[in-house]
Every structure is written in structure tokens, then in C-alpha cells.
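Understanding the architecture of this molecule
These are the residues of each chain, in order.
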Amino acid sequence: MIFFNDEKIYFNCFDFLISDYDYRITYRNTKDGLHSSELILENDKKPKIKIGIENGYLDLYIFIDDEAWPLCMLYKFLHHDKIVRRKFGNSTIIKKYFKEVTKKYLDDVFEQFNLLDIQKLNCFYKEFPDYVFIWS
């Protein structure tokens, strides 16, 4: 596989969700490696998380009700004026930024989770599509 050497970095970069946030992996589909993989992590007291890897891009989603929302879009909803890192697309960037940025966004989203609601998010992004914002 073309990404074989980087797979370990991708699949081990979110170990902190298990050690620091007490999540456990409840679903794993990694047969296509970095071309297309999905992991679901759950915690009894926090929202369900999905890790998605598509064509070498790593993204983290938080479930609100039964809808999975990208963490970056939830953070942007809470902080419209900040430049938010949107994608993690290679092993160098993942090693350098993923844990630090994801922890910052997760802590903030978890702290303000009661402000997140599907209708508010849909209305917000209908009025302000994600392409109108500056992303990192």
C-alpha cells in the first residue's frame, strides 16, 4: 500500500482519546488503510466520536444526537472569529499538530456541549456556509 509507512502514525495519533479521555473503540474498519478507514469511540459520559481517514486526510467527528459533525465545524460555530485548523493531511502535520489542536478543540467543545444543537448548527451553517470562513 502506498501509505504503509505512515499508517502507524495515523492510527496511533489518537491514543490520547483512550488514555486521557477514557474512550474505548467500539467499531473499527481499517481494511482500506489510509484510503478509507473509520473508527467509532465511545465513553459513558461524553458524546460518541468518529475518526475518519479518507484519502490520507484525518478528521474527527462528534456525534450530536445521531449526526456526526466535524470537530472543526463545532469549534468554529462556538468561535466564529478564530482561524480554525480544518484538516490533517500528512504524517508530518499530524505528528506536529493533531494531538495539541484536537485536545484544545475537544476540551472547549465538551465544556460548551450544551450550546450545541442540531437545529442551531444547521441554521448557522445555512446562513454562513463553511466556505465563507478562513480555515487553517
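1. Details of a nonpolar patch on the surface
A cluster of nonpolar side chains, namely Phe128, Tyr131 and Val132, defines an oily patch on the protein surface of about 340 Å² accessible area. Along the chain, Val132 falls in the segment after helix H5 (118–127). By relative accessible area, Val132 is classed as partly exposed at 45%.

2. Digging into the sheet that holds strand E5 (residues 67–70)
With antiparallel pairing, the 5 strands of this open sheet are ordered in space as E1-E2-E3-E4-E5. With one partner strand each, in any of the chains shown, strand E1 (24–29) and E5 form the two edges of the open sheet. With direction set aside, neighbouring strand axes in the sheet form an average angle of 25°. Where E1 and strand E2 (residues 36–42) come together, 5 bridges link them in antiparallel fashion. Looking at the pairing, Asn29 lines up with Glu38 of E2. The strands touched by helix H3 (residues 71–78) within the sheet are strand E4 (57–64) and E5, with E5 carrying the most contacts at an inclination of about 75°. Sheet strands touched by H5: E4 and E5. Its angle to E5, the strand with the most contacts, is close to 50°.

3. Concerning H3
Within H3, 8 of the 8 residues are buried, which leaves it mostly tucked inside the rest of the structure. Of the positions making up H3, those classed as buried are Leu71, Cys72, Met73, Leu74, Tyr75, Lys76, Phe77 and Leu78. For H3, the elements touching its buried residues are E4, E5, helix H4 (91–111) and H5.

4. Some words on a negative patch on the surface
On the surface, a cluster of negative charge is contributed by Asp65, Asp66, Glu67 and Asp117. Position of Asp117 among the secondary structure elements: in the loop between H4 and H5. Its relative accessible area of 30% is what places Asp117 among the partly exposed residues.

5. Focus on the pattern of salt bridges
Enumeration according to the criterion identifies 5 salt bridges in this entry. A salt bridge links Arg24 to Asp44, with the nearest nitrogen and oxygen atoms 3.3 Å apart. Linking Arg24 in strand E1 with Asp44 in the loop between E2 and strand E3 (49–54), this pair joins segments that are 20 residues apart in sequence. Take Asp44: its relative accessible area is 70%, and that puts it in the exposed class. The salt bridge partner of Arg86 is Asp130, with a shortest N-O separation of 2.1 Å. One end of the pair, Arg86, is in the loop between H3 and H4; the other, Asp130, is in the segment after H5, with 44 residues separating them in the sequence. Classification of Arg86 as partly exposed rests on a relative accessible area of 24%.

About the criteria used
- Residues numbered from 1 in each chain as written.
- Predicted model: local features only at pLDDT ≥ 70, side-chain atom pairs only at ≥ 80, totals over all residues.
- Heavy atoms only, no water.
- Patch = residues over 30% accessible without salt bridge, like charges linked within 9 Å, V, L, I, M, F, W, Y side chains within 5 Å.
- Areas by Shrake-Rupley, 256 points an atom, 1.4 Å probe, with all protein chains shown as cover.
- Salt bridge = Lys/Arg side-chain N within 4 Å of Asp/Glu carboxyl O.
- Helix = DSSP H or I, 4+ residues; strand = E, 2+ residues; numbered from the N terminus.
- Buried < 20%, exposed > 50% of the residue type's maximum accessible area, 1.4 Å probe, protein only.
- Pairing = 2+ DSSP bridges.
- Axes fitted to C-alpha atoms, helices over the stretch in contact; angles between N-to-C directions.
- Contact = heavy atoms within 4.5 Å.
- Lys, Arg positive; Asp, Glu negative; His and termini not counted.
- Charge placed at Lys NZ, Arg CZ, Asp CG, Glu CD.

Keep in mind these values describe shape, not function.
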